[in-house]
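Observations on chain architecture
Listed here are the chains, written in short residue letters.
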Amino acid sequence: MSTSLSGEDAAVQLHIIKRFRAALPYSIVAGALLALAMSWHAPLRNILLWWGVLISWQCLYAQCLRHWLNAATNGGLTSRQFNGFVLMTTLAGIWWGSAVWWLVPDADPLYLIVVMLWLAAVAASYAAYLTGIRSLPLLVLGLMLLTVQPRLWMADSPVLHLAGLSVLLFTAVLITMTWPLHRYLRENYAVREENNRLLQDMTAQQETLDQYNQQLEQRGRELDIALARVETLVAHDPLTGVLSRRAIMIQAEHRLVEAAAGKAFCLAMLDLDHFKSINDGYGHLVGDEVLRQVCRLVGAQMRCNDSLGRYGGEEFMLLLEGMNLEAAILRLESIREDIARHDWSGLLGSRGVTVSMGLMHWQPGLDLPQMIKRADDLLYAAKRAGRNQVLTEALARQLVRGLA
């Protein structure tokens, strides 16, 4: 039964497989160079057979390494997969050692020594990569040595016998030198693997955090849009679309602050004449449409810096910024005439609509409640005086004198 490896052994074994996969292209190139170097001496079929088997084995080896690393990434490296790696690595080492048989069939000392030097480099690489697990260098180098030694001792040459002793000495020194590195490499591999795991966890957490941040930003944008809609709804009268009472009062407060700094304004209160009789005689739906059309007619003559708001019922407040009293009277008279001349027959038949207005110009010392009260008083004075007119304090005094 195959089980997933865990702990320090798993980290070391996974790191060894990664190192072998990274070194595999160099191994393929080294085999090709050795075959080329021996092409002047060995028979061509021997070279092609040895190198062909080596390159085929290395390609298969590469596929297996990729499969094992993918398995380790997805669910952890199993003992069966690592045993497969050990087997394939051992067979690769043996085939490297077999080069002394295939590439030097006549046991020529010079060419055997060339091949031995090449194999020494391969053996050193195997020892360096496999040191993290002590049994692996002994296994791979031992089998490679068993493959090479008979070729050397079978040759009828004292030089090759000395080379065999040299191989034994080299192998012993190689193992002796790499043995102390065992614990250090295991710890190093384990720490690196743990660091990689922590880095992956941190990356995954950062990606999750980025996703949450993106979601929060999206929710924030949606909330801003929703708040803007709410503010629009709060700031505007739902029936007529003009400013609500709260919003027009805020605008009036701003105008009052600006007026104290030298930028005067006018405040007017507008009310529809006999509006109750319109509601009673034609219904509230018609009355609502009358209010909407009156607001459109007033808004058509408002400048961008003027404000119109529904103060309550059929009463509206107008704020005329930077306008003196004479200009304001002309503007309001034009509005009043537009409303009186408007074609109301579609809603009211032969009946018309008129408005009355009270107009106040800001004066030093006046606060907002005082201005509203005085404009409201002028509005109701206009209604008492016959409606459908704009009344200022000066006009109201003249009216009183005329009545007297």
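Conventions adopted
Residues numbered from 1 in each chain as written. Predicted model: local features only at pLDDT ≥ 70, side-chain atom pairs only at ≥ 80, totals over all residues. Heavy atoms only, no water. Axes fitted to C-alpha atoms, helices over the stretch in contact; angles between N-to-C directions. Helix = DSSP H or I, 4+ residues; strand = E, 2+ residues; numbered from the N terminus. Parallel < 35°, antiparallel > 145°, perpendicular 65-115°, else oblique. Left-handed = near helix turned anticlockwise from the far one by under 90°. Contact = heavy atoms within 4.5 Å. Pairing = 2+ DSSP bridges. Buried < 20%, exposed > 50% of the residue type's maximum accessible area, 1.4 Å probe, protein only. Core = buried A, V, L, I, M, F, W, Y, C linked by side-chain atoms within 4.5 Å. Salt bridge = Lys/Arg side-chain N within 4 Å of Asp/Glu carboxyl O. Expected span 1.5 Å × (residues − 1).

1. Description of the packing of helix 9 (residues 245-260) against helix 14 (residues 368-384)
Between helix 9 and helix 14, whose axes approach to 10 Å, the crossing angle comes to 110°. Taken as axis vectors, helix 9 and helix 14 run roughly perpendicular relative to one another. Note that helix 9 runs across helix 14; the crossing there is right-handed. Contacts between helix 9 and helix 14 involve Met-249, Ala-252, Glu-253 and Leu-256 on the former and, on the latter, Leu-368, Met-371 and Ile-372.

2. Overview of the sheet that holds strand 5 (residues 390-391)
Across the sheet, five strands lie side by side as 2-3-1-4-5; this open sheet has mixed pairing. Only two strands of the sheet have a single neighbouring strand rather than two, namely strand 2 (307-312) and strand 5. Looking at chain direction, strand 4 (residues 355-361) and strand 5 are connected through two bridges and run parallel. Note on strand 5: the bridge partner recorded for Met-357 is Val-390. Contacts from helix 12 (residues 325-341) reach strand 1 (265-272), strand 3 (315-321), strand 4 and strand 5 within the one sheet, and its direction differs from that of strand 4 by about 170°.

3. Regarding the pairing of strand 3
Burial analysis of strand 3 places seven of its seven residues in the buried class, the great majority of the element. On strand 3, burial covers both faces: Glu-315, Met-317, Leu-319 and Glu-321 on one face and Phe-316, Leu-318 and Leu-320 on the other are all buried. In terms of strand pairing, strand 1 meets strand 3 through seven bridges, oriented antiparallel. Across the sheet, Cys-266 pairs through a bridge with Leu-320, a residue of strand 3. When strand 2 meets strand 3, the two strands line up antiparallel, connected through five bridges. Opposite Leu-308, over in strand 3, you have Leu-318 as the bridge partner. From the end of strand 2 to the start of strand 3, which pair antiparallel, there are two residues, and Gly-313 there has a positive phi angle of about 60°.

4. Details of the pairing of strand 1
Most of strand 1 sits inside the fold, with eight of its eight residues counted as buried. Residues Phe-265, Leu-267, Met-269 and Asp-271 line one face of strand 1 and the alternating positions Cys-266, Ala-268, Leu-270 and Leu-272 line the opposite face, and both faces are buried. Two strands pair when backbone bridges link them, and strand 1 and strand 4 are joined in this way by seven bridges, in the antiparallel orientation. The residue of strand 4 that forms the bridge with Leu-270 is Met-357.

5. Some points on the environment of Arg-134
For Arg-134, the position within the fold is in the loop between helix 5 (109-130) and helix 6 (135-154). Of the residues examined, Arg-134 reaches a relative accessible area of 35% and is grouped as partly exposed. Residues Arg-134 and Phe-170, spaced 36 residues apart in sequence, show a C-alpha to C-alpha distance of 17 Å.

6. So, the nonpolar core
Formed by 53 residues in total, the largest nonpolar core has its most connected members in Leu-34, Phe-82, Phe-85, Trp-96, Leu-103, Val-115 and Tyr-126. Among the secondary structure elements, those contributing two or more residues to this core are helix 1 (7-37), helix 2 (44-74), helix 3 (79-97), helix 4 (99-102), helix 5, helix 6 and helix 7 (158-178). When residues no more than four places from it in sequence are discounted, the contact partners of Leu-34 are Trp-50, Trp-96, Ala-99, Leu-103, Val-115 and Trp-118. Counting 31 residues, the second largest nonpolar core, distinct from the first, contains Val-294, Val-298, Leu-332 and Val-353.

7. Considerations on unusual backbone geometry
At His-274, a residue that is not glycine, the phi angle is positive and equals roughly 55°. One can find His-274 in the loop between strand 1 and helix 10 (275-282). The backbone phi angle of Arg-387 is positive, close to 70°, even though this residue is not glycine. Tracing the backbone through its elements, the reader meets Arg-387 in the loop between helix 14 and strand 5.

8. Comments concerning the side chain of Ser-98
With respect to the secondary-structure elements, Ser-98 resides in the loop between helix 3 and helix 4. With a relative accessible area of 7%, Ser-98 lands in the buried category. Ignoring anything within four residues of it in the chain, the contact list for Ser-98 reads Trp-50 and Thr-147.

9. Details of the pattern of salt bridges
Summed over all chains, the structure comprises 17 salt bridges. Here Glu-258 ties to Arg-255 by a salt bridge, and the two come within 4.0 Å at their closest N and O atoms. Remark: Arg-255 and Glu-258 occur in helix 9; sequence separation between them is three residues, near one turn of the helix. With a shortest N-O distance of 3.6 Å, Arg-255 and Glu-321 are connected by a salt bridge. On the criterion of sequence distance, the pair formed by Arg-255 in helix 9 and Glu-321 in strand 3 is long-range, its members being 66 residues apart. For the pair Arg-255 and Glu-321, one class covers both residues: buried. Through salt bridges with shared partners, one network takes in Glu-333, Arg-336, Glu-337, Asp-338 and Arg-341.

10. Overview of helix 9
Between its first and last C-alpha, helix 9 extends 23 Å over 16 residues, near the 22 Å set by a 1.5 Å rise per residue. What helix 9 keeps buried is the set Ala-247, Ile-248, Ala-252, Arg-255, Leu-256 and Ala-259. At the exit of helix 9 stands Gly-262, carrying a positive phi of roughly 110°.

Nothing here speaks to function; it is all geometry.
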